[in-house]
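# Chain and residue survey
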Amino acid sequence: MKKRYIKVAAIQSAPILFDKPSAMDKIAQMTREAAGQGAALIVFPEVFVPGYPRGLSFGARVGSRNADGRRDWERYWASAIDIPGAETEAWGELAKELGVYLVIGVVERDREYSTGTLYNSIVYIGPDGRLLGTHRKLVPTGSERLLWGQGDGSTLTVIDTPVGRIGGLICWENYMPLARMAMYAQGIDIYLAPTADARDTWQATIRHIACEGRCFVIACNQFATKASYPADVACYEDIKGDPDMLCRGGSAIVGPLGEYVVEPLYNEEGILMATLDLSEVAQSRFDFDVTGHYSRPDVFQLIVNDKKQEVVRTAGMS
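Procedures and definitions
- Residues numbered from 1 in each chain as written.
- Predicted model: local features only at pLDDT ≥ 70, side-chain atom pairs only at ≥ 80, totals over all residues.
- Heavy atoms only, no water.
- UniProt positions renumbered as here; feature names shortened; annotations may be inferred.
- Helix = DSSP H or I, 4+ residues; strand = E, 2+ residues; numbered from the N terminus.
- Polar contact = N/O pair within 3.5 Å; in protein donor to acceptor, adjacent residues only side chain to side chain.
- Buried < 20%, exposed > 50% of the residue type's maximum accessible area, 1.4 Å probe, protein only.
- Pairing = 2+ DSSP bridges.
- Axes fitted to C-alpha atoms, helices over the stretch in contact; angles between N-to-C directions.
- Contact = heavy atoms within 4.5 Å.
- Parallel < 35°, antiparallel > 145°, perpendicular 65-115°, else oblique.
- Left-handed = near helix turned anticlockwise from the far one by under 90°.
- Nonpolar A, V, L, I, M, F, W, Y, C, P; charged D, E, K, R; others polar.
- Core = buried A, V, L, I, M, F, W, Y, C linked by side-chain atoms within 4.5 Å.
- Phe/Tyr/Trp six-rings, centres within 6.5 Å; stacked < 30°, edge-to-face > 60°.
- Lys NZ or Arg CZ within 6 Å of the ring centre and 35° of its normal.

### Description of the UniProt feature "active site" (unreviewed entry) in the chain
Here, the residues flagged by UniProt with the feature "active site" (unreviewed entry) are Glu 46. Within the secondary structure, Glu 46 sits in the loop between strand 2 (41–43) and strand 3 (60–61). Here the side chain of Glu 46 touches Lys 137 through a polar contact of 3.2 Å, side chain to side chain.

Spelled out as structure tokens, the structure:
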């Protein structure tokens, strides 16, 4: 049987927070570097554009918000992107030039129903330059709920490619068993897990997903220091007492039996590279197929609402 191989890259880096041009420059630079090493699938971390605002309160306490926090929020909103938009067009040109699949974590502005809601999203770009799909994080975690709205089931995206089916969930969405099951049921082979979690326990999570879904997992985190924060952030006092290293990374690539293909990278920026043999996915499902012979649909069933949720519906008048 013919084997299917793909060389993949997980980018561990961070732009200047709130600085979209900085993020765009890094994406172009590191995509070219990874493609130059033969990568055909290149994955960037959670909200790489315009960065993960770790440690910032945006001036919010229970029952109150302040003017400095509102200014930081407006700055974050202004550095988000539209999908589709100028940024996705630029990434399409880059992906087409280099012949790669490009997956980027972004902060997305909602232009359809609102001008004041942001989403934590993944953008998928194909090697032909087309926007293949997006995913919006279903449940922002903790204080993230101040920043991002909730996605819906219409963006539980899995992309069919010549080497396998690619999709993913963002950070702590991966602790939602039913969300994982919805991805497994789409036949996912390469599972992407962009994150902001650098704890040791995250490694247990991604290895479990690989073993449970019998899929490759590419986990991708930012490496961020205080130097990546502009000095004029209104709420900069929030992180003054924090260590200089705000996020140590921990990006890794895991095989479909739960073993590391590339072990976690900590305490530095870098590109993790691996050549994945997709025949290992079929081999691994010989004794465990979570949505096949190990599913027991006579006992358990999952209903997924994959319809786009509309805020306003206009009823026609007869």
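### Remarks on unusual backbone geometry
Across the junction of Val 49 and Pro 50, the peptide omega takes the value 0°, indicating a cis bond. On the secondary structure map, Pro 50 appears in the loop between strand 2 and strand 3. Of note, the bond from Ile 83 into Pro 84 is cis; its omega dihedral lies within 30 degrees of zero at -5°. We note that Phe 58 has phi near 55°; this positive angle belongs to a residue other than glycine. By the secondary structure assignment, Phe 58 is in the loop between strand 2 and strand 3. Owing to a relative accessible area of 9%, Phe 58 belongs among the buried residues under this scheme.

### What about the environment of Asp 242?
Among the structural elements, Asp 242 can be located in the loop between strand 12 (223–225) and strand 13 (245–254). Exposure remark for Asp 242: the relative accessible area of 31% places this residue in the partly exposed category. As for Asp 242 and Lys 226, which are separated by 16 residues in sequence, their C-alpha atoms are 8.8 Å apart.

### Overview of the UniProt feature "domain: CN hydrolase" (unreviewed entry) in the chain
With numbering aligned to this structure, UniProt lists the feature "domain: CN hydrolase" (unreviewed entry) at residues 6–278. Along residues 6–278 one finds 23% helix and 32% strand; the C-alpha atoms at either end are 8 Å apart.

### Quick word on the sheet that holds strand 6 (residues 118–125)
Taking strand neighbours across the sheet as the criterion, the six strands line up as 7-6-5-2-1-15 in an open arrangement whose pairing is mixed. One side of each edge strand has no neighbouring strand; the edge strands of this open sheet are strand 7 (131–136) and strand 15 (270–277). Ignoring strand direction, the axes of neighbouring strands in this sheet form an average angle of 25°. Against the sheet, helix 1 (residues 20–36) makes contact with strand 1 (5–12), strand 2, strand 5 (101–109) and strand 15, and its axis sits at roughly 45° relative to strand 15, the strand it touches most.

### Overview of the packing of helix 1 against helix 3 (residues 86–98)
Any two packed helices are characterised by the angle at which their axes cross and by the distance between the axes. Running from N to C, helix 1 and helix 3 point in directions that differ by 15°, and their axes come no closer than 11 Å. As the angle between them shows, helix 1 and helix 3 are arranged roughly parallel. As for how helix 1 packs across helix 3, the hand of that crossing is right-handed. Of the residues in helix 3, those touching helix 1 at Lys 20, Met 24, Ile 27, Ala 28, Thr 31, Arg 32 and Ala 35 are Glu 87, Ala 90, Trp 91, Leu 94, Glu 97 and Leu 98. Across the contact of helix 1 with helix 3, the residue classes break down as eight nonpolar, one polar and four charged.

### Quick word on the environment of Leu 276
As for its placement among the helices and strands, Leu 276 is situated in strand 15. Here the alpha-carbon distance between Leu 276 and Arg 4, two residues 272 residues apart in the chain, equals 8.2 Å.

### Here we look at the nonpolar core
Formed by 27 residues in total, the largest nonpolar core has its most connected members in Leu 41, Ile 190, Ile 218 and Leu 276. In terms of nonpolar packing, the next biggest core, distinct from the first, is built from 25 residues, Ala 23, Ala 39, Ile 81 and Met 273 among them.

### Considerations on the packing of aromatic side chains
This model, assessed by the stated rule, comprises eight aromatic pairs. Both rings, one in Trp 172 and one in Tyr 175, keep their centres 5.5 Å apart while their planes meet at 80°; by these two values the pair is edge-to-face. A relative accessible area of 34% places Tyr 175 in the partly exposed class. Ring geometry for Phe 288 and Tyr 294: centres 4.5 Å apart, planes at 45°, overall tilted. Phe 288 sits in the buried class, given a relative accessible area of 19%. A network of ring pairs unites the aromatic residues Phe 18, Phe 58 and Tyr 76 as a single cluster. The aromatic ring of Tyr 119 is capped on one face by Arg 136, whose charged end is 3.8 Å from the ring centroid. Over the ring of Tyr 260 we find Arg 207, and its NZ or CZ is 4.7 Å from the ring centre.

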